[in-house]
Every structure is written in structure tokens, then in C-alpha cells.
Amino acid sequence: MKFILTSEHFVYGMRPRPGFPQILDDDYNPVEPFHGYLVRRLLDNGAALDQKTWEAYGRAIWDFARYLETNKLTWNQPFTAPGEGVVARYRDWQVMDLKLDPGTINQRLRQVVQLYEWAKGMGFIEDIPFDYRQVTRRGIEHDLAHKTGGAQT
């Protein structure tokens, strides 16, 4: 799996879109559902986001996709018990193994959550396979790193 930022040769909506993040397989084909989500989030939603934001969003999704690939998991993999879901496992890996800053984890998980919300809206999954909550402290959002796994279906 590869992560690239496109050149001016990448055209979408009849306009060049240099700097668009793409997650590609070994044959350089876009990997779904990650590509579809990034197109919708960055190109179709109408917001003019900075290319640095494009890259940050793309890298967050790529990190999740690489975690899944490395661990031989799929984004929509079924599970039977709390804590077995791929998002909970991904979160725990970042917290316990990588010991990343909660802000970094939250930033990545926000994109992963939005990926699942998009997938549900598109009919790719019936339910979002995790619960999460927003927590605000001193006016700063501290949300997804506090996720405990919740009632996972």
C-alpha cells in the first residue's frame, strides 16, 4: 500500500487537483473505501481546504489503512465482543504501543469516525461499529481517545 500526493495531472471536476492524497494498492489502484471517502470529504463537500489539510486527512486515513493491512484486518471486519472491533484495536495500539499524544490520536480517529459515518450513509455498512463521545474540557475538545469501546455491534 502506498500514499501519494497527486500532481497537476490528477483532474477532478475538470480541474487539476495537485496535492490530493491517494491511497494506492501495489498495482497503483485506489484502495476503497478510503479513496471514495477522501474524494467525498476533500473534493465533493464544497469546502475549500488547504492542501496541508488534505495531506493531514489523507495521512490519517492511510495510517488506519496500513494498520489494517499490517494486521491482516479489514475495515468492515465483523467481531463478537467489545474491544475486538478494528477501531478500538487501532486506538489501543496508538495509546498503548505507540504511546502517541492524545491530540494526535484524536486527530486520526476523527477522520476514521468520519470514514465510517460516510460508509454508513453510502450503505456500505448498516451500523457504525463503535460508540464514541465528545468531551470538552476548558473549551478544548478531547474526544475520541477517551473512547472505551462502548457497545459494539
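As a starting point, this report considers the structure included with it. As the structure is a computational prediction, the values presented were derived from the model and not from experiment.

So, how was this worked out
Starting afresh in each chain, residues are numbered from 1 along the sequence in its written order. In view of the model being predicted, local features appear only for residues whose pLDDT reaches at least 70, and side-chain atom pairs are presented and counted only at 80 or more, with totals across whole chains, interfaces and linings using the full set of residues. Excluded from the side-chain calculations are hydrogens and water; all other atoms, namely the structure's heavy atoms, are used. Note on conventions: DSSP H or I runs of at least 4 residues are helices, E runs of at least 2 residues are strands, and numbering of each starts at the N terminus. Note on contacts: a residue pair is in contact if any heavy atoms of the two residues lie within 4.5 Å. Method for areas: the Shrake-Rupley scheme with a 1.4 Å probe, in which residue coverage is limited to the protein chains shown. Every case where a carboxyl oxygen of Asp or Glu lies within 4 Å of a side-chain nitrogen of Lys or Arg is listed as a salt bridge. We call a residue buried when its accessible area falls under 20% of the maximum for its residue type, exposed when it is over 50%, and partly exposed in between, using a 1.4 Å probe and counting protein chains only. Only centres within 6.5 Å qualify two rings of Phe, Tyr or Trp (six-membered ring in Trp) as a pair; their planes then separate them into stacked at under 30 degrees, edge-to-face at over 60, and tilted for everything else. Note on geometry: a ring has a charge over it if NZ (lysine) or CZ (arginine) is within 6 Å of the ring centre and within 35 degrees of the ring normal.

Regarding its fold elements, the protein chain presents four helices and six strands. The order of α-helices and β-strands along the protein chain, N terminus first, is β-β-β-β-α-α-α-α-β-β. For the protein chain, the share of sequence-separated contacts (at least 6 apart) that also reach a separation of at least 24 residues comes to 47%. In the structure as shown, the protein chain presents an accessible area of about 8,800 Å², 50% of it carried by carbon and sulfur atoms.

Turning next to the pattern of salt bridges. A full pass over the atoms with the stated rule returns five salt bridges. Among the ionic pairs, Asp92 bridges to Arg91, the shortest N-O distance being 2.6 Å. Taking relative accessible area as the criterion, Arg91 reaches 6% and is therefore assigned buried. Connected through shared salt-bridge partners, Asp63, Arg66 and Arg108 make up one network.

This part covers the packing of aromatic side chains. Taken as a whole, this structure holds 13 aromatic pairs when the rule is applied. Centre to centre, the rings of Phe34 and Phe64 are 6.5 Å apart; their planes meet at 85°, and the pair counts as edge-to-face. In this pair, Phe34 sits in helix 1 (residues 34-44) while Phe64 sits in helix 2 (residues 51-70), placing the two residues 30 residues apart along the sequence. Given the relative accessible area of 5%, Phe34 is considered buried. Here the aromatic rings of Trp75 and Tyr116 are separated by 5.7 Å at their centres, their planes lie at 55°, and the arrangement is tilted. Taken together, the residues Trp75 in the loop between helix 2 and helix 3 (86-97) and Tyr116 in helix 4 (residues 102-122) connect sequence positions 41 residues apart. For the pair formed by Trp75 and Tyr116, the shared burial category is buried. Counting every residue linked through ring pairs, the aromatic cluster contains Phe34, Phe64, Tyr67, Trp75, Tyr90, Trp93, Tyr116 and Phe130. Cation over ring: Arg66 sits above Trp62, and NZ or CZ is 4.1 Å from the ring centre.

With that settled, consider unusual backbone geometry. Of note, the amide linkage connecting Glu32 to Pro33 takes the cis form, showing an omega dihedral of 10°. For Pro33, the location among the structural elements is in the loop between strand 4 (21-24) and helix 1. Positioned with a positive phi, Met14 is a non-glycine residue whose angle comes to about 65°. With phi around 55°, Lys72 is a residue other than glycine that occupies positive phi space.

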